[in-house]
Amino acid sequence: MLHSHAEIRRRIDALGPWFHNMELAGVETAPNHFLGNYPLIKWRKFAEAIPADLTGKTVLDIGCNAGFYSIEMKRRLSVYDVGALRETFDIVLFMGVLYHLRHPLLALDLIREHVAGDLMIFQSMQRGSTDLPEMEENYHFWTHDLFDRPEFPKLHFIEHRYADDPTNWWIPNRACTEAMLRSAGFEIVLHPEQEVYFCRAAGDPASGGPVYPSKGQRHD
Ligand SMILES: C[S@@+](CC[C@H](N)C(=O)[O-])C[C@H]1O[C@@H](n2cnc3c(N)ncnc32)[C@H](O)[C@@H]1O
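Here's a quick rundown of the structure. Not measured: the values here are computed from a predicted model.

In terms of helices and strands, the protein carries four helices and nine strands. The linear arrangement of helices and strands in the protein, starting from the amino end, is α-β-β-α-β-β-α-β-β-β-α-β-β. Considered along the principal axes of its C-alpha atoms, the protein spans approximately 70 × 50 × 35 Å. Buried residues in the protein amount to 37% of all 220 residues. Considering only contacts within the protein whose residues lie at least 6 apart along the sequence, 58% involve residues at least 24 apart. For the protein, the distance from the average site of its 22 positive side-chain charges to the average site of its 30 negative ones is 6 Å.

What follows covers a nonpolar patch on the surface. A contiguous nonpolar surface patch, about 330 Å² in accessible area, is contributed by Phe19, Phe34 and Leu35. Residue placement: Phe34 occurs in the loop between β2 (27-28) and α2 (40-44). Looking at Phe34, the relative accessible area reads 68%, which means it is exposed.

Let us look at the site of the ligand. The environment of the ligand is formed by 16 residues, the closest being His20, Gly63, Asn65, Val79 and Met95. Asn65 has a polar side-chain atom sitting 3.0 Å from an oxygen atom of the ligand. Contact distances for the ligand include 2.7 Å between a nitrogen atom and a backbone N or O atom of Met95. Looking at the shell around the ligand, its residues break down into nine nonpolar, seven polar and no charged.

A few words now on the sheet that holds strand β8 (residues 186-193). What the five strands build is an open sheet, ordered β3-β4-β5-β9-β8; its pairing is mixed. The sheet is open, and its two edges are formed by β3 (59-62) and β8, each paired on a single side. Recorded for the sheet is a direction-independent mean angle of 20° between the axes of neighbouring strands. Contacts from helix α3 (residues 104-114) reach β3, β4 (89-95), β5 (116-123), β8 and β9 (196-201) within the one sheet, and its direction differs from that of β5 by about 150°. Across the sheet, helix α4 (residues 174-183) touches β5, β8 and β9, and the angle it forms with β8 is around 145°.

With that settled, consider the state of the cysteines. With the rule as written, the count across this model stands at zero disulfides. We note that Cys64 lacks a disulfide partner, and the nearest cysteine sulfur, in Cys199, lies 20 Å from it. Free cysteine: Cys199, not disulfide-bonded; nearest cysteine sulfur from Cys176 at 14 Å.

We now examine the pattern of salt bridges. As enumerated under the stated definition, the model contains nine salt bridges in all. Where Glu193 meets Lys42, a salt bridge forms, and the shortest distance between an N and an O atom there is 3.0 Å. Of this pair, Glu193 sits in strand β8 while Lys42 sits in helix α2, and the two are 151 residues apart along the sequence. The burial state of Glu193 is the same as that of Lys42; both residues are buried. Salt bridges here are not isolated pairs; linked through shared partners, they connect Lys42, Lys45, Glu193 and Glu195.

Below, the discussion takes up the pairing of β8. The side chains of a regular strand alternate, residue by residue, between the two faces of the sheet. Relative to β9, β8 is paired through five bridges, and the arrangement is antiparallel. Among the inter-strand pairings, Ile188 is bridged to a residue of β9, identified as Cys199. Between the end of β8 and the start of β9, which pair antiparallel, lie two residues.

Attention now goes to the packing of aromatic side chains. Evaluation of the coordinates by the stated rule reveals 12 aromatic pairs. Ring geometry for Phe68 versus Tyr69: centroids 5.5 Å apart, planes at 90°, classification edge-to-face. For Phe68, a relative accessible area of 22% corresponds to the partly exposed category. Taking 6.5 Å as the distance between ring centres and 50° as the angle between the ring planes, the aromatic pair formed by Phe122 and Tyr197 counts as tilted. Taken together, the positions of Phe122 in strand β5 and Tyr197 in strand β9 put the pair 75 residues apart, joining distant regions of the chain. Tyr197 gets classed as buried once you look at its relative accessible area, which sits at 0%.

What counts, and where the lines are drawn
- Residues numbered from 1 in each chain as written.
- Predicted model: local features only at pLDDT ≥ 70, side-chain atom pairs only at ≥ 80, totals over all residues.
- Heavy atoms only, no water.
- Helix = DSSP H or I, 4+ residues; strand = E, 2+ residues; numbered from the N terminus.
- Buried < 20%, exposed > 50% of the residue type's maximum accessible area, 1.4 Å probe, protein only.
- Contact = heavy atoms within 4.5 Å.
- Lys, Arg positive; Asp, Glu negative; His and termini not counted.
- Charge placed at Lys NZ, Arg CZ, Asp CG, Glu CD.
- Patch = residues over 30% accessible without salt bridge, like charges linked within 9 Å, V, L, I, M, F, W, Y side chains within 5 Å.
- Areas by Shrake-Rupley, 256 points an atom, 1.4 Å probe, with all protein chains shown as cover.
- Salt bridge = Lys/Arg side-chain N within 4 Å of Asp/Glu carboxyl O.
- Near = heavy atom within 4 Å.
- Polar contact = N/O pair within 3.5 Å; in protein donor to acceptor, adjacent residues only side chain to side chain.
- Nonpolar A, V, L, I, M, F, W, Y, C, P; charged D, E, K, R; others polar.
- Pairing = 2+ DSSP bridges.
- Axes fitted to C-alpha atoms, helices over the stretch in contact; angles between N-to-C directions.
- Disulfide = S-S within 2.5 Å.
- Phe/Tyr/Trp six-rings, centres within 6.5 Å; stacked < 30°, edge-to-face > 60°.

As structure tokens, then:
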């Protein structure tokens, strides 16, 4: 059945607000997005780095939102539940989700252990220094000045809100993003855009893998 332009507009608006601007039968879902034509403008900056032919590849889009990056994506689940999939994927998209999590390293550890078969395409908002520090393996207990260096890997904790969003919990600087990826057992193979990293599941996670806390009783 064909719907009129006005009917499609009405249905799109009823499902809003939209974070992804997509054109559905000629009608834009988020024409006034605060980041412009998003995520098309982001996608264009790194799309060339993705193989043109993905025939036969499996793809998992974690936190897919409206599904711009993976319009055919059928599965929606919390990143903390990826173990339940019991499957690894050739390509895992983990974009724009890390800073929305209260437990960001746990999420990376779980992705590494359970679903990252080969490539992970990762994106995070980043704030603070974009410099990369020379780091040593270890520091003396009385080394204090280290922590005042802006390029030291920092994960900024947002107790209340950032950009009006109460789900923005942790915002890394560049050095922190890269260190967390390495620490979770990912090798950074490409950095095609300021916030985007192509990583391979490689090497052992520094922690030996994710933790699985025991469930206690909830007292509601
Ligand atoms: C900024 S949007 C990014 C959407 C899309 N991945 C992109 O890059 O355009 C953040 C997304 O993270 C999702 N999200 C938040 N917590 C999550 C969790 N625990 N597991 C999976 N997705 C989560 C939200 O539902 C939302 O779709």
